[in-house]
Amino acid sequence: MPAAKPKRQISRGSCTLCGKEFSRNKIGLHLEECWTNLTIKEEHDPRTLAPTRFFRLFVEARDDPKYWLHLDIRADATLEDLDDFLRRTWLECCGHLSAFTIGETRYRWEPPGGFGDDDFFDRLDDVFAMPREIRMDAALADTLSTGLQFEYEYDFGSTTELKLRVLSEHEEPTRRRNLRVLARNDPPYTPCLECGHPADWIGTYGDSYETRTICDACTEKKGFGDAQLLPLVNSPRTGVCGYTGVLEE
Ligand SMILES: [Zn+2]
Ligand SMILES: [Zn+2]
Ligand SMILES: [Zn+2]
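1. Overview of the nonpolar core
Then, in step 1: If you look at the biggest cluster of nonpolar residues, it comprises 31 residues, and the most contacted ones within it are Leu-86, Phe-100 and Leu-162.
Then, in step 2: Only β3 (52-61), β4 (64-74), α2 (79-91), β5 (98-102), β8 (149-154) and β9 (160-172) provide two or more residues apiece to this core.
Then, in step 3: The element best represented in this core is α2, accounting for six residues.

Structure follows, in structure tokens:
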């Protein structure tokens, strides 16, 4: 058996600007400083476009705070752009529906081509007294402000729920990129429930219907090769539906 791990792990992650590692609680403050140090020398060139406005967002899994992200995203990006990023990085398994809830409004994702019947959904909302749902094509500048907290759901069956917070906003003189990951949690240590070594897989195996984790060696040794196992990945959706990890471009 490997040495016993402390019960409560401190979630850590690295700053993508300087590469240094911090705990979840400290990294937000560091990012503000690190970003300021990096951009303080940049000057806006009046011949080019106006400086670009950005929001700094903190995203975490609602029920599992060991999964978290710090992002910079342009204020003229849309909720759909943010949804697309979250799907690619953390969530996408098979094109489920998703929605942001900001205040009283739900912004829902639609499959390409839409549902083709907005009236139908509006009538449903009336019947069930649901909050009004609109499409996700709203710009962040029109929906977010510093200090705002909001929610996101991916898949309305086996739902993965995220909490988001607007930490601050700023302007950048030279950068134009839509979205940048400033920091992300390191993969949490997850032991194999058979032997205690780091797990490679998550799913149901043996006689239990519970979702459990297991390593390669134990899968082979115990003959669970044909069990319902998914790769264990660094995402709040690991082990859910058919999630196998980051979507490649
Ligand atoms: Zn840094
Ligand atoms: Zn799925
Ligand atoms: Zn094992």
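2. Comments concerning the coordination of the zinc ion (ligand 1)
Then, in step 1: Protein-derived coordination of the zinc ion (ligand 1) comes from Cys-15 (SG), Cys-18 (SG), His-30 (NE2) and Cys-34 (SG), at a distance range of 2.1 to 2.3 Å.
Then, in step 2: In this structure, the zinc ion (ligand 1) is coordinated by four donor atoms arranged in tetrahedral fashion, with angles at the metal of 105 to 114°.
Then, in step 3: Between consecutive donor residues of the zinc ion (ligand 1), the sequence gaps follow C-x2-C-x11-H-x3-C. Note that Cys-18 is positioned in the loop between β1 (12-15) and β2 (21-23) and His-30 in helix α1 (residues 24-39), a separation of twelve residues in sequence.

3. Comments concerning the sheet that holds strand β12 (residues 212-214)
Then, in step 1: Within the open sheet, the three strands sit side by side as β12-β11-β13. Their pairing is antiparallel. The strands lining the two open edges of the sheet, one partner per strand, are β12 and β13 (228-231). Along the sheet, successive strands turn relative to each other by an average axial angle of 35°, direction set aside.
Then, in step 2: In this structure, strand β11 (residues 201-204) lies alongside β13, joined through four bridges in antiparallel fashion.

4. Quick word on the side chain of Thr-238
Then, in step 1: Structurally, the position occupied by Thr-238 is in the segment after β13.
Then, in step 2: Residue classification places Thr-238 among the buried positions, given a relative accessible area of 12%.
Then, in step 3: One polar contact links the side chain of Thr-238 to the main-chain amide nitrogen of Val-233, over a distance of 3.1 Å.
Then, in step 4: In this view, Thr-238 contacts Tyr-67, Ile-202, Pro-231, Leu-232, Val-233 and Tyr-243; residues no more than four positions away in its chain are not counted.

The rules behind these values
- Residues numbered from 1 in each chain as written.
- Chains lettered and ligands numbered in written order.
- Predicted model: local features only at pLDDT ≥ 70, side-chain atom pairs only at ≥ 80, totals over all residues.
- Heavy atoms only, no water.
- Core = buried A, V, L, I, M, F, W, Y, C linked by side-chain atoms within 4.5 Å.
- Buried < 20%, exposed > 50% of the residue type's maximum accessible area, 1.4 Å probe, protein only.
- Helix = DSSP H or I, 4+ residues; strand = E, 2+ residues; numbered from the N terminus.
- Donors = N, O, S within 2.8 Å, 3.2 Å for Na, K, Ca; no water.
- Tetrahedral: all angles 85-135°; square planar, octahedral: opposite > 155°, others 65-115°.
- Pairing = 2+ DSSP bridges.
- Axes fitted to C-alpha atoms, helices over the stretch in contact; angles between N-to-C directions.
- Polar contact = N/O pair within 3.5 Å; in protein donor to acceptor, adjacent residues only side chain to side chain.
- Contact = heavy atoms within 4.5 Å.

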